[in-house]
Amino acid sequence: AQKVTQAQTEISVVEKEDVTLDCVYETRDTTYYLFWYKQPPSGELVFLIRRNSFDEQNEISGRYSWNFQKSTSSFNFTITASQVVDSAVYFCALIRRSNFGNEKLTFGTGTRLTIIP
Amino acid sequence: NAGVTQTPKFQVLKTGQSMTLQCAQDMNHEYMSWYRQDPGMGLRLIHYSVGAGITDQGEVPNGYNVSRSTTEDFPLRLLSAAPSQTSVYFCASSYSIAYEQYFGPGTRLTVT
């Protein structure tokens, strides 16, 4: 079984503050992939990043950065100098990779981030 | 490319009615899936397909049927709508399950 936990249901920060969204996952597999998706108020789902279990390097993309730590089964997402446009629901997701063709993507329950101007 | 398209965008059904939510993609993706999104529960997988003619159940398949006769289309059928099926439904496709999913705009379904 696999599970993704996003313990922070809602977060509010003032614009320009940094904010970290937590994601903790559970899987017995050694090969798996982790994702982050953004859902702005308009409702569409936007892919942000994909990371495989063999690559623990942190990733930075502009104001966004991701910290993947297998030792703590976490894949946290940090927004630096937050902006109002960052207000959205953010989902973390996990899929294991097997040879049996039954991979299923599991999403966390999401974190609603509100940036206060 | 239109990406992933879903129709209709909104639908209201009465309990017991049936309907089909349409999903199509023009990216030649093998993997397609249906999710429902409910408040506080994230996205839950209903059914998925790894290619034409191949489908399988996800986490919450009861009350829904799917088929995949072509690579492009993956319709979701509600057999006998129930109020518990009130939700927002998203269709997604990807080159492979290990790659990013491309989501459609969603269908907001209300069952009264």
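Below you will find a few notes about this structure. (Residues numbered from 1 in each chain as written. Chains lettered and ligands numbered in written order. Predicted model: local features only at pLDDT ≥ 70, side-chain atom pairs only at ≥ 80, totals over all residues. Heavy atoms only, no water.)

Time to look at the nonpolar core. Most often, soluble globular proteins keep nonpolar side chains buried together rather than apart. Counting residues in hydrophobic clusters, the biggest one holds 23 residues, and the most contacted among them are W36, F77 and Y90 of chain A. Of all the secondary-structure elements, those providing two or more residues to this core are β2 (10–14), β3 (19–21), β5 (32–39), β8 (64–69), β9 (74–79), β10 (88–96) and β12 (111–116) of chain A. In terms of nonpolar packing, the next biggest core, distinct from the first, is built from 21 residues, Y33 and L105 of chain A together with F90 and A98 of chain B among them. (Core = buried A, V, L, I, M, F, W, Y, C linked by side-chain atoms within 4.5 Å. Buried < 20%, exposed > 50% of the residue type's maximum accessible area, 1.4 Å probe, protein only. Helix = DSSP H or I, 4+ residues; strand = E, 2+ residues; numbered from the N terminus.)

This part is about the interface of chain B and chain A. If you look at the interface, chain B gives 19 residues, while chain A gives 19 residues. Overall, the association of chain B and chain A removes approximately 1600 Å² of surface from exposure, summing both partners, and the carbon and sulfur fraction of that is 62%. Of all residues in chain B, the largest losses of buried area upon contact with chain A belong to L43, I97 and A98 of chain B, amounting jointly to 31% of the total for that side. Inspection of the region where chain B meets chain A yields zero salt bridges. Summed over the shared surface of chain B and chain A, the result is three residue pairs in polar contact (both at pLDDT 80 or more). (Contact = heavy atoms within 4.5 Å. Buried area = accessible area lost by both parts, 1.4 Å probe. Salt bridge = Lys/Arg side-chain N within 4 Å of Asp/Glu carboxyl O. Polar contact = N/O pair within 3.5 Å; in protein donor to acceptor, adjacent residues only side chain to side chain.)

Scanning the entire structure with this criterion turns up two disulfides over all chains. With its sulfur 2.0 Å from that of its partner, C23 of chain A forms a disulfide with C92 of chain A. One quick way to see it: the torsion about the S-S bond of C23 of chain A and C92 of chain A is about -65 degrees, and its sign makes the bridge left-handed. Of the two residues, C23 of chain A sits in the loop between β3 and β4 (24–26) while C92 of chain A sits in strand β10, which places them 69 residues apart along the sequence. The buried category is assigned to C92 of chain A, whose relative accessible area is 0%. Note on cysteine connectivity: C23 of chain B is disulfide-linked to C91 of chain B, with sulfurs 1.8 Å apart. Here the disulfide of C23 of chain B and C91 of chain B is left-handed, its torsion about the S-S bond being about -70 degrees. (Disulfide = S-S within 2.5 Å.)

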